[in-house]
Amino acid sequence: MRGCALTQPVADMANTLYSLIAASFGPGAADEWRQCKPAKDDCDKLAGAGVEVLKAFPGRAAGACALMSAVFSVVLENKVAQRGYVVAGSLYVGGTRVFGEDSALDGKARFSQSELSWDGHAWLVFGNLLADVSLFRTADSGKGPPALSAHIHRVFGRGKGLMICRTDDTGDLRYVPEYVLTQDQVDALYRGARKLFVGN
């Protein structure tokens, strides 16, 4: 997607992600992420993992971005060597915030709770790619923010599945990373998602 108008410079986005990954997984993992440029085969596997997640989750899972992203991460882990990171933060359409909170996100505490109550958004970062497995489903559900649904339906149409783009090329959708979930947190969400939606 082109014509991206970000108030947060792209370099700041990359630096923020680097710092968040280092905080949750260590500097070595952050260095590997920074150097990762997925090849076509890796991109195909990323898309395939996203499709698997969409098939596993019923329509009522609209809005379950953290759960779906955690499952996405685990499914992808079984297909590629490079890790996909679950990122939590805010999402803007143009200058309008559609997901996010006024207060700073304490991800260490928030995503370690058994009952997840949160108004933000979660997505996957895989090298220099951003993959959002829940966005289109939330927009189509009629339960998400009207500004998001209007934008998605105007730009992409209805009934789409998975959005994959470069982290520096997200168009009028502005993703603001605030926390990268630890592996323990991802695994806990994965187990919860399987119980809630997948049935095992």
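Residues numbered from 1 in each chain as written. Predicted model: local features only at pLDDT ≥ 70, side-chain atom pairs only at ≥ 80, totals over all residues. Heavy atoms only, no water.

A. Spatial organisation of the overall build of the chain. From N to C terminus, the chain includes 8 helices and 6 strands. Seen in sequence order, the chain has helices and strands lined up from the N terminus as α-α-α-α-β-β-α-β-β-α-α-β-β-α. By the burial criterion, 49% of the 200 residues in the chain qualify as buried. Considering only intrachain contacts with a sequence separation of at least 6, the fraction spanning at least 24 residues in the chain is 74%. Only carbon and sulfur atoms are counted for the fraction: they give 50% of the accessible area of the chain, which is about 9500 Å². (Helix = DSSP H or I, 4+ residues; strand = E, 2+ residues; numbered from the N terminus. Buried < 20%, exposed > 50% of the residue type's maximum accessible area, 1.4 Å probe, protein only. Contact = heavy atoms within 4.5 Å. Areas by Shrake-Rupley, 256 points an atom, 1.4 Å probe, with all protein chains shown as cover.)

B. View of the environment of L173. Counting through the fold element by element, L173 comes out in strand β6 (residues 173–180). Residues L173 and H151, spaced 22 residues apart in sequence, show a C-alpha to C-alpha distance of 9.0 Å. Setting aside chain neighbours within four positions, we find L173 in contact with L91, Y92, V93, L135, L148, H151, I152 and M163.

C. View of the packing of aromatic side chains. Taken as a whole and judged by the stated rule, the model has 4 aromatic pairs. Pairing F25 with Y85 gives two aromatic rings, centres 5.0 Å apart and planes at 70°, and the pair type is edge-to-face. On the criterion of sequence distance, the pair formed by F25 in helix α1 (residues 10–25) and Y85 in strand β1 (residues 85–93) is long-range, its members being 60 residues apart. Y85 sits in the buried class, given a relative accessible area of 3%. Taking the ring centre of Y18 as reference, the NZ or CZ of R34 above it sits at 3.9 Å. Above the ring of Y92, the side-chain terminus of R174 is found at 4.1 Å from the ring centroid. (Phe/Tyr/Trp six-rings, centres within 6.5 Å; stacked < 30°, edge-to-face > 60°. Lys NZ or Arg CZ within 6 Å of the ring centre and 35° of its normal.)

D. Summary view of the pattern of salt bridges. Counted according to the given criterion, the structure contains 7 salt bridges. Of the charged contacts in the structure, one is a salt bridge between E52 and K79, with a shortest N-O distance of 2.7 Å. Within this pair, whereas E52 is found in helix α3 (residues 40–56), its partner K79 is found in the loop between α4 (65–77) and β1, the two being separated by 27 residues in sequence. Accessibility expressed as a relative area gives 39% for E52, which makes it partly exposed. Overall, K79 belongs to the partly exposed group, its relative accessible area being 31%. Two residues, R97 and D102, come together in a salt bridge whose shortest N-O distance is 2.8 Å. (Salt bridge = Lys/Arg side-chain N within 4 Å of Asp/Glu carboxyl O.)

The analysis is restricted to geometry; functional conclusions fall outside its scope.
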